[in-house]
Amino acid sequence: MIRLIRRGNKAGIFALLLGVAGLGLLSHRALQAVGPPSRSSAVALGVRGGGGGPGKGERPDAGNIVRQGFPARAADPKDLTKSDSAWEIEWEITNPANRPGFSPASSSVLKITSAKFMYKDKTGKARWITVLRNLELGELFVPYDPGNPQYKDVAGQRFWITVADPKLLGPACVAPGEVLRSSNKLMDKKVFKEVHDDGLRWLADTSAKGPDKGRRGEKLILWSIFYGANYRYLIEYGFSDDGVITPRVGATARNHLPRRADEGDVHLHVAGWMFDPDLGDPANPAIGGPEQNEVSLVRRVPRNPGVANGQYRVSVTPFNPGPGGQATSGSAQWVAEEFTTLRIQSLTRKNGTAPAYPTAYDLIPIRFGSARGFPPGRTFDFANKDFWVTNRVVGAPRFVNVPDYVGTPARPLGGKPVTVWHSAALWHVPRTEDFGGPDGRSNTQGVALTAWASFMLRPRNLHDGTPLYSR
Ligand SMILES: [Cu+2]
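For every chain, the first residue of the written sequence is number 1, and numbering continues from 1 along that sequence. Under the rules for a predicted model, residues below a pLDDT of 70 receive no local features and side-chain atom pairs below 80 are neither given nor counted, while totals for whole chains, interfaces and linings still include all residues.

Caption draft 1: A look at the overall build of the protein chain. The secondary structure content of the protein chain amounts to four helices and 20 strands. Around each residue's C-beta, the other C-beta atoms within 10 Å are counted; 20 or more make the residue buried, 12 or fewer make it exposed, and counts in between make it partly exposed. All C-beta atoms are placed from the backbone. Here the protein chain holds 471 residues, and the buried ones make up 44% of them. Secondary structure counts use DSSP, requiring at least four H or I residues in a row for a helix and at least two E residues in a row for a strand, with both numbered from the N terminus.

Caption draft 2: How the structure looks around the environment of Pro302. The residue Pro302 is located in strand S13 (residues 293-302) in this model. Between the C-alpha atom of Pro302 and that of Ser315, which follows or precedes it by 13 residues, the distance is 9.4 Å. If we ignore the near neighbours within four places in the chain, the residues touching Pro302 are Val307, Gln311 and Tyr312. By definition, residues are in contact whenever their C-beta atoms, placed on the basis of the backbone, come within 7 Å of each other.

Caption draft 3: Looking closely at the pairing of strand S10 (residues 231-240). Along S10, seven of the 10 residues are buried, which leaves the element largely enclosed by surrounding structure. If DSSP finds at least two bridges between two strands, the strands pair. Hairpin connection from strand S9 (residues 214-228) to S10: two residues lie between these consecutive antiparallel strands, with Ala229 at a positive phi of about 60 degrees. Relative to strand S11 (residues 245-253), S10 is paired through nine bridges, and the arrangement is antiparallel. Within S11, the residue paired with Gly238 across the bridge is Thr246. Connecting S10 to the next strand, S11, in antiparallel fashion are four residues, including Gly243 with a positive phi near 95 degrees.

Caption draft 4: Up close: unusual backbone geometry. With an omega dihedral of 0 degrees, the bond running from Phe70 to Pro71 counts as a cis peptide bond. Take Pro71: it is sitting in the loop between strand S1 (65-70) and strand S2 (85-93). A cis amide bond links Asn148 with the next residue in sequence, Pro149, at an omega value of 0 degrees. Of note, Pro149 is situated in the loop between strand S4 (126-143) and strand S5 (150-152). Not every positive phi belongs to a glycine, and Ala229 is a case in point at roughly 60 degrees. Structurally, the position occupied by Ala229 is in the loop between S9 and S10. The partly exposed category is assigned to Ala229, around which 17 C-beta atoms lie within 10 Å. With phi around 65 degrees, Leu468 is a residue other than glycine that occupies positive phi space. One can find Leu468 in the segment after strand S20 (448-460).

Caption draft 5: View of the confidence of the model for the protein chain. Confidence of the prediction at every residue is given by pLDDT, a number between 0 and 100. Mean pLDDT over the protein chain: 88, with 87% of residues reaching 70 or higher. Here residues 1-34 is a poorly scored stretch, pLDDT under 50, and it has 45 contacts once near neighbours within four places are set aside; other chains count. Here residues 39-61 is a poorly scored stretch, pLDDT under 50, and it has 63 contacts once near neighbours within four places are set aside; other chains count.

Caption draft 6: Spotlight on the pairing of S2. Within S2, nine of the nine residues are buried, which leaves the element mostly enclosed by the surrounding structure. Across the two faces of S2 the burial is the same, with Ser85, Trp87, Ile89, Trp91 and Ile93 and Ala86, Glu88, Glu90 and Glu92 all buried. Relative to S2, S1 runs antiparallel, the two being bridged by six bridges. Residue Gln68 lies in a different strand from S2, and its bridge partner there is Trp87.

Caption draft 7: Geometry of the environment of Glu291. Looking at where Glu291 falls in the secondary structure, it is placed in the loop between strand S12 (267-280) and S13. By C-beta crowding, Glu291 is classed as partly exposed, having 15 other C-beta atoms within 10 Å. Measuring from C-alpha to C-alpha, the distance between Glu291 and Gly414 comes to 7.7 Å, with 123 residues separating the pair along the chain. Not counting residues up to four positions away in its chain, the partners in contact with Glu291 are Gly415, Lys416 and Pro417.

Caption draft 8: Local environment of the environment of Thr419. You can see Thr419 is positioned in strand S19 (residues 418-428). Note on Thr419: 24 C-beta atoms within 10 Å, which makes it buried. As for Thr419 and Asp276, which are separated by 143 residues in sequence, their C-alpha atoms are 4.6 Å apart. The residues contacting Thr419, other than those within four sequence positions of it, are Met274, Asp276, Thr390, Arg392, Val393 and Pro397.

Below, the structure is given as structure tokens:
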């Protein structure tokens, strides 16, 4: 399969200009009293626009807002505070003018411009937190194990998001799915919204004989299909009713190569995401926000190093500590034995317990393994390392360039907005199930079953007790 990217033409440039003009005209974001109260526009707006999205100082597209309360059956998008919990999500498609036959920019991805979560405090009052801004799939790196080819399907290609076919929507479940409309034609009908059951959220120890009291969880899912020549990637973001965000990427469609005996078809799909943590309160700019967070690594380490007695402790240390011990820009690797977790913790936002705990979001890796062993240095370190934290990158950052954003020497992170970068890899060892034809080797007569890469962002000390719990 040859990856052929055609250059732009005049009609396409005209379409791009129309899209940009449309963004300007549609710059009124309807604010509803029942939604999360907005801060001043300068703060509320994403400062890191995608290549084709709203730039610095511009508002995101008015149409791209999804409001979902839980439980979904009783949710009122006009008043989310009636629900037990809720999400208000703004989304966009980066470089939205990209399309077959005319792709003026590097590949488009589905991006979450902002994610605001509503929950109830111990008094039953609705509270809001802006969890993050500018969550985006920054790279899909596909290195073949012989050393070549090595595709960068986001930075190195000019792919696009395909039109969403309603036939691919999941079943209605707790609420009907829909293909989202956008007032920006370039983003219209390209994003799927589904709301699904998410298993038992909790079960209480009611009695030995049962039945135990419990509650089913629910989640909102936004997803799009990324055209990658022979491949298709499912770019998905899950938003659970307990405040968890789960970005995922699914790899499917036709293999690049027919099945080979020499292992030349074995490859990785390294997914890299970036986001700007916030933890602010949309109702009260004094509480929390991107300048008021500290970044740590949390690890499970032996109480007595070198002594295998099964005794452990929780180690919380500043991320990439500098000479004074303060957190600085840099990278870290996930260590299986240490359950490595990245913590973004607010210096000012606390929950409502007495005494109060500081509110945090933990980045919890979900991974099958780790890409390692590419030549060290700035070219491949985006894949050799699993976590990166930099001062916030304004503009359209590239995941593959993250080593450049670290700075030399490393920069202090305290008191400044940051961008977090995380990668997770799939190891794709082709099997008969990925192919067709009489010999089970034909990549044109079969397709690869979907395989997923993901991670989790989970609140810690946000709620005042078990969320969605009732005795
Ligand atoms: Cu693959």
